[in-house]
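# Per-entry structural report
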Amino acid sequence: GNILGRLDPVSGEMKEYTLPAGTYPHSVTLDENLTPWFLGNKNGTVGYLDLDTKKFQVFNMPDENARDPHTGVFDHKGIFWFTLQHSNMIGKLDPKSGDIRLVSLPTKKSKPYGIKVDSTGTPWVSCNGSNCLVKVDKNTMALTEIKLPGENTHTRRLAITPDDMVYYVNSGMGKLGRYNPTTGKITEWDNPSGSDSHPYAIEYADGAIWFNESAKRPETLVRFDLTTETMQSWQIPSKEG
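Here we summarise the structure given alongside this text.

So, how was this worked out
Residue numbering note: each chain is counted from 1, following its sequence as written. With the structure being a predicted model, the display of local features is reserved for residues of pLDDT at least 70 and the display and counting of side-chain atom pairs for 80 or more, all residues being used for whole-chain, interface and lining totals. Side-chain numbers come from the whole structure's heavy atoms, not from hydrogens or water. Each pair of aromatic rings taken from Phe, Tyr and Trp, with Trp reduced to its six-membered ring, is defined by centres within 6.5 Å and is described as stacked if the planes are under 30 degrees apart, edge-to-face if over 60, and tilted in the remaining cases. Helix and strand assignments follow DSSP, with helices taken as H or I runs no shorter than four residues and strands as E runs no shorter than two, numbered in order from the N terminus. We call a residue buried when its accessible area falls under 20% of the maximum for its residue type, exposed when it is over 50%, and partly exposed in between, using a 1.4 Å probe and counting protein chains only. Here, a charge over a ring is recorded when the distance from Lys NZ or Arg CZ to the ring centre is within 6 Å and its angle to the ring normal is within 35 degrees. Paired strands, as defined in this entry, are two strands with at least two bridges between them according to DSSP. Note on definitions: the grid is 1 Å and covers protein atoms alone; a cavity is a set of points where a 1.4 Å probe fits but cannot get out; a pocket is an open set with protein on both sides within 12 Å along at least five of seven lines; lining residues have an atom within 4 Å of a point. Grid points are joined across faces, edges and corners, and a volume is the space filled by probe spheres set on the points. Just so you know the grouping, Ala, Val, Leu, Ile, Met, Phe, Trp, Tyr, Cys and Pro go in nonpolar, Asp, Glu, Lys and Arg go in charged, and all remaining residues, Gly too, go in polar. To get an axis, fit a line to the C-alpha atoms, keeping to the stretch in contact for a helix; angles then go from 0 to 180 degrees between the N-to-C directions. Here, patches come from residues exposed beyond 30% relative accessible area and free of salt bridges, joined within 9 Å for like charges and within 5 Å for nonpolar side chains (Val, Leu, Ile, Met, Phe, Trp, Tyr). Values of accessible area rely on a 1.4 Å probe in the Shrake-Rupley scheme; residue burial ignores everything except the protein chains shown. Counted as salt bridges are all cases of a side-chain nitrogen of Lys or Arg within 4 Å of a carboxyl oxygen of Asp or Glu.

### Looking at the packing of aromatic side chains
Applying the stated rule across the entire model yields 12 aromatic pairs. An angle of 85° between the planes, with centres 5.7 Å apart, marks the rings of Phe 38 and Phe 56 as edge-to-face. Of this pair, Phe 38 sits in strand S4 (residues 36-40) while Phe 56 sits in strand S6 (residues 55-60), placing them 18 residues apart in sequence. Given a relative accessible area of 27%, Phe 56 falls into the partly exposed group. Look at Trp 189 and Phe 224: their rings are 4.7 Å apart centre to centre, the planes differ by 50°, and that puts the pair in the tilted class. Within this pair, whereas Trp 189 is found in strand S18 (residues 186-190), its partner Phe 224 is found in strand S21 (residues 220-225), the two being separated by 35 residues in sequence. Residue Trp 189 shares its accessibility class with Phe 224, and that shared class is buried. Chaining the aromatic ring pairs together yields one cluster made of Trp 37, Tyr 48, Phe 59, Phe 74, Phe 80 and Phe 82. Looking at Arg 156, its charged tip hangs above the ring of Tyr 200, at a distance of 4.7 Å from the centre.

### Comments concerning the pairing of strand S1 (residues 3-7)
With 5 bridges connecting them, S1 and strand S2 (residues 14-18) associate as antiparallel partners. Paired with Leu 4 across the strands is Tyr 17, a residue of S2.

### Brief notes about the layout of surface pockets
In this structure, the largest pocket encloses a volume near 320 Å³. Along its surface, the largest pocket is lined by 14 residues, and Asp 31, Glu 32, Phe 74, Lys 77 and Gly 78 are the ones closest to its centre. If you add up the space inside the second largest pocket, you get close to 240 Å³. Put simply, the parts of the chain that give the lining of the second largest pocket at least two residues each are strand S3 (25-30), strand S7 (69-74), strand S11 (112-117), strand S15 (155-160) and strand S19 (199-205). Per-element accounting of the lining of the second largest pocket gives the leading share, 4 residues, to S3. Of the residues assigned to the lining of the second largest pocket, the class counts are 6 nonpolar, 5 polar and 3 charged.

### Digging into the sheet that holds strand S20 (residues 208-213)
Strand order in the open sheet made by the 4 strands is S19-S20-S21-S22, with antiparallel pairing throughout. In the strand order of this sheet, the two ends are held by S19 and strand S22 (230-235), each with one partner. For this sheet, the mean angle separating the axes of adjacent strands, direction not counted, is 20°. Bridge analysis of S20 against S21 gives 6 bridges, and the strand direction is antiparallel. Among the inter-strand pairings, Phe 211 is bridged to a residue of S21, identified as Val 222.

### A short note on the side chain of Ser 110
Mapped onto the secondary structure, Ser 110 falls in the loop between strand S10 (100-104) and S11. For Ser 110, a relative accessible area of 0% translates into the label buried.

### Thoughts on a nonpolar patch on the surface
A surface patch of nonpolar side chains, amounting to about 290 Å² of accessible area, comprises Val 28, Leu 30 and Leu 34. If you trace the backbone, Leu 34 turns up in the loop between S3 and S4.

These figures come from the coordinates and say nothing about function on their own.
Quick look at the structure:
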């Protein structure tokens, strides 16, 4: 729909803003001032909506091969980091200067997808096209690739806990994984609904890891207890149509 939407969870009021032509965003991220930033998945742009003037500020990619900004996150210094899935790149944008830097992943068709920042400000990226995680040097943008077990492994998104453990959903094999950056140890647990559950979204909240099993109908929400390392799941009420 090429629309940016805003929902007031208290009143239920919704507002929609038509984005610049051809944007077709994949995701939206809020900065520290709650300004919504969008990633132009179809026209190679990153931009934001000024909520006071209702005007858009748009930044174009400096490389014509950087076609599809996908998911973004702000670090502690206000720098915007983002993935470009099919372009196989990771980007860094300084909102103050508008300067954009890009770097390509070492493995072709890795399809960088989800991105999070740990407590040190270091970005971590999940690979939707290869069995890897990628650590980004926040200063030089040098990349460190961590190979995950299983050729069919691919990870859509990830979550980082306060102790900087990197959790990821293994969408290709129906597992939840954890990478320990200090020891290099990788641990995986089978999802409640099996290898074809296709876990997708993941987040850390309230002392637990939460994720969904997107291939199940009805879809399921799963809670992973970090202390007991056990899972509990609920069906999400939904209507097929």
